[in-house]
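# Geometric and topological summary
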Amino acid sequence: MWSGKEIDGFKLVYRASENDFSTEKFHELCDNKKELVVLARTELEEVIGGYNSTFWAGNKVDMNSEEKQSGCFLFSLTKRQKFFIHDKSKGIVHKGMKYGPTFGDRDFWIGDRSNIESREGKEGSIFDIGNSYTISHKFKDKKEAVRSFTGEATGKAKVRVVEWEVFEMVVNEKVKNP
């Protein structure tokens, strides 16, 4: 069971290294698909990700809209942690061509050409957990949570992503008889 749904598997929809780490190509292949899982491997060998229960839409009409999504969450496979949405914000999924997969207020943001070190704020990625998604009470502060999530020793939010993939969940549509 994943996110309360019975699934038959996952189908690879996008791999950054095969698409020049392009957010435009991400939108071409992933927009309007529901039940997406994002996995990202950082330069520090951390594997982190997010689940989007709705869909991304990179159309130019809806360039910077935000949607509240109660089914979205973030996770760290490396640290076996899961981060849920704050009650007050109900979670946010950003939509727009200039963004790759984005959850919350830069809690999880993969930018165009995320494999390149950020120079002018145009490339790179930010994982600033705790803005829209909860952090565990076991962390003394937000910086410690970011450090745990990304593996970055100083707790800085900008981390280079060396690979990221998007998978579509294949949901079992069969209704079981009681």
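Our subject in this report is the structure included herewith. (Residues numbered from 1 in each chain as written. Predicted model: local features only at pLDDT ≥ 70, side-chain atom pairs only at ≥ 80, totals over all residues. Heavy atoms only, no water.)

Check the secondary structure of the protein and you find two helices and eleven strands. In sequence order, the secondary structure elements of the protein are arranged as β-α-β-β-β-β-β-β-β-β-β-α-β. Looking at the protein as a whole, 48% of its 178 residues are labelled buried. Relative to all contacts within the protein whose residues are 6 or more apart in sequence, the contacts with residues 24 or more apart total 64%. Surface accessibility of the protein: about 9,300 Å² in total, with carbon and sulfur atoms responsible for 48%. (Helix = DSSP H or I, 4+ residues; strand = E, 2+ residues; numbered from the N terminus. Buried < 20%, exposed > 50% of the residue type's maximum accessible area, 1.4 Å probe, protein only. Contact = heavy atoms within 4.5 Å. Areas by Shrake-Rupley, 256 points an atom, 1.4 Å probe, with all protein chains shown as cover.)

So, on to the packing of aromatic side chains. Scanning all chains against the criterion turns up seven aromatic pairs. Relative to phenylalanine 26, the ring of tyrosine 14 lies with its centre 6.0 Å away and its plane at 85°, an arrangement referred to as edge-to-face. On the criterion of sequence distance, the pair formed by tyrosine 14 in strand β1 (residues 7-15) and phenylalanine 26 in helix α1 (residues 23-30) is long-range, its members being twelve residues apart. For the pair shown, tyrosine 14 and phenylalanine 26 are each scored as buried. Cluster of aromatic residues (ring-pair linked, three or more members): Tyr51, Phe73, Phe75 and Phe84. A cation over an aromatic ring shows up here: lysine 82 above the ring of phenylalanine 73, its NZ or CZ 4.2 Å from the ring centre. (Phe/Tyr/Trp six-rings, centres within 6.5 Å; stacked < 30°, edge-to-face > 60°. Lys NZ or Arg CZ within 6 Å of the ring centre and 35° of its normal.)

Before going further, it helps to spend a moment on the side chain of asparagine 19. Mapped onto the elements of the fold, asparagine 19 is located in the loop between β1 and α1. The buried category is assigned to asparagine 19, whose relative accessible area is 16%. A polar contact of 2.9 Å, which involves the side chain of asparagine 19, links it to the backbone oxygen of arginine 15. Dropping the residues within four chain positions of it, asparagine 19 is found in contact with Tyr14, Lys25 and Leu29. (Polar contact = N/O pair within 3.5 Å; in protein donor to acceptor, adjacent residues only side chain to side chain.)

The next subject is the pattern of salt bridges. Overall, the coordinates contain nine salt bridges when judged by the stated rule. Note that lysine 11 and glutamate 168 form a salt bridge whose closest N and O atoms lie 3.9 Å from each other. Highlighted residues: lysine 11 in strand β1 and glutamate 168 in strand β11 (residues 161-171), separated in sequence by 157 residues. Glutamate 43 serves as the salt-bridge partner of arginine 160, at 3.5 Å between the closest nitrogen and oxygen. Placement of the pair is arginine 160 in the loop between α2 (142-150) and β11 and glutamate 43 in the loop between β2 (36-42) and β3 (47-52), with a sequence separation of 117 residues. Arginine 160 gets classed as partly exposed once you look at its relative accessible area, which sits at 26%. (Salt bridge = Lys/Arg side-chain N within 4 Å of Asp/Glu carboxyl O.)

With respect to the element layout, phenylalanine 10 can be found in strand β1. Phenylalanine 10 gets classed as partly exposed once you look at its relative accessible area, which sits at 40%.

You will see that phenylalanine 21, though not glycine, has its phi angle at about 55°, which is positive. Counting through the fold element by element, phenylalanine 21 comes out in the loop between β1 and α1. The class of phenylalanine 21 is buried, set by a relative accessible area of 7%. Of note in this structure, arginine 80 is not a glycine but carries a positive phi near 55°. Along the chain, arginine 80 falls in the loop between β5 (73-76) and β6 (81-83).

Grouped together as the largest cluster of nonpolar side chains are 29 residues, with contacts concentrated most on Phe103, Phe108, Tyr133, Trp164 and Val166. Elements with a contribution of two residues or more to this core: β1, α1, β2, β9 (108-111), α2 and β11. Grouped together as the second largest cluster of nonpolar side chains are five residues, Val37, Tyr51, Phe73 and Met169 included. (Core = buried A, V, L, I, M, F, W, Y, C linked by side-chain atoms within 4.5 Å.)

Everything listed here is a matter of geometry and, on its own, says nothing about what the molecule does.
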